[in-house]
Amino acid sequence: MILFVLGIVWESFLSTYKVNDIFYYEPCIYAATDGGVVIYNPDTEELQRLTNVDGLTENNVQDIFVDSVGVWCLTRSEGLVIFTHGISYSYTNAQGLPESDRFSSMAVVGRRVWIATEDDAPVTVLELTANLADIERISYWNLPVTLGNKVLRVYYHDDSLWFCTENGIGVTDVEAGSWRVIPKTDLPGEVREAGITALEWCGDTLWIGTDSGIVMYVGGRSQLVNAYPEVFDFCKGDTLLLASTRWGVKKWNGTWWPSLTPLLYAPRGQGHLVILDSVVWVGSFKCGLVAWTMDTLLKDSFPTSMVSNITSSIALTPNGDIWAVHFTAWEPAITRIYEVEGEWYYAHYLEGEEAIKRARYIVSDSKGNLWISFWGGDVGLAKYIPESDTLKKVYLPGGGSNIVWGMYVDADDHVWVGTNGGYIFEIVDDSVINTWQFVTPGAFARDRYGNVWVGSHMYGIACIHEDGELEVLSDLLPTTWVTDIICDRVGDIWVATRAGVFRIRDGKVIDEYTSTNSELPSNDILALEEDWEGRIWMLVNMEGVSVLNPGSGELINYTTGDGLVASEYVDFTRDIIWDNERFAMWIPTRGGISKVTLSPAWEGEKIEIYPNPFVVGKHSGVTVVTPYGWQTMYLYTLSGRLIYSVAGEGDSHIIHVKGLDAIPVGVYQVVVKLADGRWVRGKLAVTR
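So, here's what we can say about the structure. If you're wondering where the values come from, they're calculated on a predicted model, not measured in any experiment.

**Regarding the nonpolar core**
If you look at the biggest cluster of nonpolar residues, it comprises 26 residues, and the most contacted ones within it are Trp162, Leu199, Trp207, Ile208 and Trp257. Ala527, Val545, Met585 and Val671 belong to the second largest nonpolar core, which has 22 residues in total.

**Re the pattern of salt bridges**
For the structure on display, the rule yields 18 salt bridges. The residue Arg246 makes a salt bridge to Glu230 at a minimum N-O spacing of 3.0 Å. With a gap of 16 residues between them, Arg246 in the loop between β23 (241-245) and β24 (248-251) and Glu230 in the loop between β21 (221-227) and β22 (231-236) connect regions that are remote in the sequence. The exposure class of Arg246 is partly exposed, given its relative accessible area of 36%. Judged by its relative accessible area of 25%, Glu230 falls in the partly exposed class. A single network of salt bridges, built from pairs that share partners, joins Arg112, Glu127, Arg137 and Glu175.

**Describing the packing of aromatic side chains**
On inspection of all chains with the given rule, the structure shows 29 aromatic pairs. With 6.2 Å between their ring centres and 50° between their planes, Phe234 and Trp257 make a pair best called tilted. Taken together, the residues span a long stretch of sequence, with Phe234 in strand β22 and Trp257 in the loop between β24 and α2 (266-269) at a distance of 23 residues. Judged by relative accessible area, Phe234 falls into the buried class, the value being 4%. Here Trp257 falls in the buried class, since its relative accessible area comes to 1%. Judged by centre distance (5.9 Å) and plane angle (55°), the rings of Trp375 and Phe572 are tilted. Remark: Phe572 occurs in the loop between β52 (555-558) and β53 (577-579) and Trp375 occurs in the loop between β34 (370-374) and β35 (381-385); sequence separation between them is 197 residues. Assigned by exposure class, Trp375 and Phe572 land together as buried. An aromatic cluster is built from Phe327, Trp375, Trp405, Trp481 and Phe572, whose rings are joined through pairwise contacts.

**Concerning the environment of Ser313**
Assignment of secondary structure puts Ser313 in strand β29 (residues 313-316). Residues Ser313 and Gly551, spaced 238 residues apart in sequence, show a C-alpha to C-alpha distance of 30 Å. If we ignore the near neighbours within four places in the chain, the residues touching Ser313 are Trp323, Ala324, Val325, Arg360, Tyr361, Ile362 and Asp575. Polar contacts involving the side chain of Ser313 include one to the main-chain amide nitrogen of Ile362, which spans 3.0 Å. Looking at Ser313, its side chain comes within polar contact range of the side chain of Asp575, at 2.3 Å.

**A look at the environment of Glu166**
Looking at where Glu166 falls in the secondary structure, it is placed in the loop between β15 (160-165) and β16 (168-173). Put simply, Glu166 and Ile196 are 30 residues apart on the chain and 5.9 Å apart in space, counted from C-alpha to C-alpha. What Glu166 contacts, discounting residues up to four positions off in sequence, is Lys150, Lys184, Ala194 and Gly195.

**Description of the pairing of strand β51 (residues 544-548)**
With five of five residues buried, β51 is to be regarded as a mostly interior element. Where strand β50 (residues 536-540) lies against β51, five bridges are found, and the strand directions are antiparallel. The residue bridging Val540 from the neighbouring strand is Gly544, located in β51. Taking the residues between adjacent antiparallel strands as the criterion, β50 and β51 are bridged by three residues, where Met542 takes a positive phi near 70°.

**Some thoughts on the side chain of Arg153**
Turning to its location among the elements, Arg153 is positioned in strand β14 (residues 151-157). No salt bridge is formed by the buried Arg153; the nearest opposite charge belongs to Asp233, separated by 4.3 Å. Beyond its immediate stretch of four places on either side in the chain, Arg153 contacts Ser105, Trp162, Phe163, Cys164, Thr197, Phe232, Asp233 and His272.

What counts as what
Residues numbered from 1 in each chain as written. Predicted model: local features only at pLDDT ≥ 70, side-chain atom pairs only at ≥ 80, totals over all residues. Heavy atoms only, no water. Core = buried A, V, L, I, M, F, W, Y, C linked by side-chain atoms within 4.5 Å. Buried < 20%, exposed > 50% of the residue type's maximum accessible area, 1.4 Å probe, protein only. Salt bridge = Lys/Arg side-chain N within 4 Å of Asp/Glu carboxyl O. Helix = DSSP H or I, 4+ residues; strand = E, 2+ residues; numbered from the N terminus. Phe/Tyr/Trp six-rings, centres within 6.5 Å; stacked < 30°, edge-to-face > 60°. Contact = heavy atoms within 4.5 Å. Polar contact = N/O pair within 3.5 Å; in protein donor to acceptor, adjacent residues only side chain to side chain. Pairing = 2+ DSSP bridges. Lys, Arg positive; Asp, Glu negative; His and termini not counted.

Here it is in structure tokens:
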């Protein structure tokens, strides 16, 4: 298979929007995020990222520490990773850490590290050898019974370890020789039901942050000085003491904690803090890394990322942008990922639209308009026009039509929509022109004859013939649960189901692929896509991505170990996108988006096309001249959608194409497979 000979480059597109912790080690700020580690140099504004592709065991990093040894990263569920001199060392339950999906905090002193969890596991103490590849000793500490082992934060201060729990604070030396406990009963009654989340030491005063307010603790006596706000972090400067809370960042003025500045409103202010040269850096839970002085918001310091790693749908527009939908009811739901001079950037859209927060699927038409569908709310479908930044709501008739199971845009820019109410709608120019009834329709594909194939989650597969007749093919497949459908370049229909993948030709199943008769790791297939060489890419639920060569039958599986950002997908995800311009496959997951770039060896020669541009109504056909004898010619949109193909005859290197007057105005890729198996290509403009 050419795919595996030529090599693959994996790239992760993740959410660094939520910063769980930040650490300053000159000259950089290190941010632990849900999308890996971001390293930012405020002086040069250089930005680096560390993700699972670089050696992280997972991208959700909860706590971070940096010293001369390297970058110490505590991930949410896998454990500890240390980056040093370009090498990563990982320590998980395989090396003796408890199995947990709630690692919360760590403290590092030399090559000894204390790792705590929020799920009642004892604190794990790792003593590492000088080369970091081996563990010298592992020990486990149970905190005093009155505290329990659910540890929210660990601090190393003044040669002591401080453990914040839901039941109080435990203090011990680095050998756990003796313990001192500050129980909840020593704190004001208003916070005795709250977890302890942050500490800061100022002379004789210990500041205690809780889920229910800020406490001043001096000489064994405590006082509540600011009630209600959930505290995330404290930060101390030369003359400044700050607290980051759910209600924004607050400053201690000697009497109470007023908000520092109205510019730092609550969603931007919450998170962890660092003060550098009178500039406050906030690792926000919602806005990335933010910098400000006492009275001026400076900037969001590193580019904001996707709102969430959880990606339910993606679309590729004709200009090469990727639009991602994050199925969530509590955040802005759509991210645009775009490339400028080889660098990728993010932008968030439609933040002011309440309905957009329940967006589930997204598709693009040939004009670059985005069709967005929803699960619930008062509207099932909306059309977003990026050029004018306008959103038009489309109200679909029939009960349950505000819950959309799937969408599809065909070569004529007809939008096909399936709804929970059991309806299929065909939409042209923002209006419904046809309606059919079919239970839970969610997957669509149009074949070369103009038939539209429809997949249901309950009734298998159906076909809407070109004359408009809906035929239910209930006996065609051995399962009634269809998740995705595509039509490949030779005209075969591929159907993904919860029982494997089926290939249909002339109304009959000619091939089936399951975990029993192939190397598929599971029969639960969520989405399909075809790449340049006709290989079929499959999203295998909980297992990663499988790539099938239909010609040879060879099948290769890819997982997170190969660079895939996550093996889990959102329920009913049916998107996987092939980008013909960049030779890349885009894969949405629960852990972000993976971009897989193939590296084909392009021929230097291009095909020639006459006349170019092709003028509808003036010209009757075009002539395509190839360097050598040809096998098949394909006409694609710039977004990679096949709209026309013609097989070669004999050894001629000239192709005469008729019937282009039926093709919409636009710019197309003309791709020709030569008789010797090589590919050449050119572009054709169609005008009126």
